[in-house]
Amino acid sequence: MLRALLHAGEAVDLVVSRASRLTLLDETGLPFRDAHWREDLRRWLAQGADGTPDRFEATLPDLSTVRHWPAGDLAAGPSSGSYPSKGMLIVPASTASVAGVALGLSKDLLQRAASVTLKERRPLVVAVRETPLNGQTLRHLVTLDEAGAVVLPASPAFYAGAADLQDLVDFVAGRALDAVGVPHKLYRRWSGALGGSGRRPGGPGRAAAGGGGG
């Protein structure tokens, strides 16, 4: 999703929560450190969804338009409604972050920025990643929906002709970008004809949105 945002020419304010750093390290083996965030981000974006290192190294977008804000910095730009922003995507969103945003807790910059996004009536996409969901989380998601957020479960579809894991990840990323109106080429769109999906042109690893995957 980040690669596609940058290929689309969007400037990005990046907030990586403490919990997501642990998840990132556990699921990809890559750290994310405030003091070395640009280096770590480049390694992160270069890796494929299947763990292949440097899969997208040759087509990485310019990272100069990314601004990183530490999750504990409650005085950061995105914490204020006067800070210019087109919207916000929480991808992925744990049930804990869903609860925090729904309840307006603002315990860290991610929750605060989401609250600001809602109060300013800007697009907010919440890509919840867990399953199954209990009643409490479902009620929190309904609260977010009623507040104007787009609740977007990380559920890949198979009509787009996925050929590998990267395609499944790209589909979810693409749907999140659709919700905020960012153009991309991350997945094959439904044409209205059964059996018309097939495999994506170029096979696995096809460059998307100017060269990056999801």
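All values derive from a computational prediction rather than experimental measurement. (Residues numbered from 1 in each chain as written. Predicted model: local features only at pLDDT ≥ 70, side-chain atom pairs only at ≥ 80, totals over all residues. Heavy atoms only, no water.)

Remarks on the overall build of the chain
- Helices and strands together make up the secondary structure of the chain, namely seven helices and five strands.
- The order of α-helices and β-strands along the chain, N terminus first, is α-β-α-α-β-β-α-α-β-α-β-α.
- For the chain, the C-alpha radius of gyration of 17 Å lies close to 17 Å, the compact-globule estimate for 214 residues.
- Evaluated residue by residue, the chain yields a buried proportion of 43% over its 214 residues. (Helix = DSSP H or I, 4+ residues; strand = E, 2+ residues; numbered from the N terminus. Rg over C-alpha atoms; globule rule 2.2 N^0.38 Å. Buried < 20%, exposed > 50% of the residue type's maximum accessible area, 1.4 Å probe, protein only.)

Structural notes on the confidence of the model for the chain
- The share of residues in the chain with pLDDT of 70 or more is 91%, and the mean pLDDT across the chain is 90.
- For residues 201-214, every residue scores under 50 in pLDDT, and the model assigns this stretch 41 contacts once sequence neighbours within four places are set aside. (pLDDT = per-residue confidence, 0-100. Contact = heavy atoms within 4.5 Å.)

So, the nonpolar core
- Among the nonpolar cores identified, the biggest contains 27 residues, and Val12, Leu14, Phe32, Leu41, Leu45, Val66 and Leu177 are the most heavily contacted of them.
- Contributions of two or more residues to this core are made by α1 (2-7), β1 (12-14), α3 (37-46), β4 (124-128) and α7 (165-179).
- In this view, Leu41 contacts Leu2, Leu14, Phe32, Leu63 and Val66; residues no more than four positions away in its chain are not counted.
- Ranked by size, the runner-up nonpolar core spans 22 residues in total, among them Val15, Trp69, Val101 and Leu118. (Core = buried A, V, L, I, M, F, W, Y, C linked by side-chain atoms within 4.5 Å.)

Remarks on the pattern of salt bridges
- A complete count under the given rule lists ten salt bridges for this structure.
- Across the pair Arg21 and Asp34 runs a salt bridge whose closest N-O atoms are separated by 2.8 Å. Taken together, the residues Arg21 in helix α2 (residues 18-28) and Asp34 in the loop between α2 and α3 connect sequence positions 13 residues apart.
- In this structure, Arg33 engages Glu39 in a salt bridge whose closest nitrogen and oxygen atoms are separated by 3.8 Å.
- A residue is classified by how much of its surface remains accessible, and Arg33, at 34% relative accessible area, is partly exposed.
- Three or more residues joined by partner-sharing salt bridges are found here, namely Arg33, Glu39 and Asp40. (Salt bridge = Lys/Arg side-chain N within 4 Å of Asp/Glu carboxyl O.)

Digging into the packing of aromatic side chains
- In this structure the tally under the stated criterion is five aromatic pairs.
- Measuring from centroid to centroid gives 5.7 Å for Tyr159 and Phe171, while their planes differ by 90 degrees, and the two rings are edge-to-face. With Tyr159 in the loop between β5 (150-151) and α7 and Phe171 in helix α7, this pair connects stretches of sequence that are twelve residues apart.
- A relative accessible area of 5% places Phe171 in the buried class.
- On the basis of an interplanar angle of 55 degrees and a centroid distance of 4.7 Å, the ring pair of Phe171 and Tyr187 is categorised as tilted. One end of the pair, Phe171, is in helix α7; the other, Tyr187, is in the segment after α7, and 16 residues separate them in sequence. (Phe/Tyr/Trp six-rings, centres within 6.5 Å; stacked < 30°, edge-to-face > 60°.)

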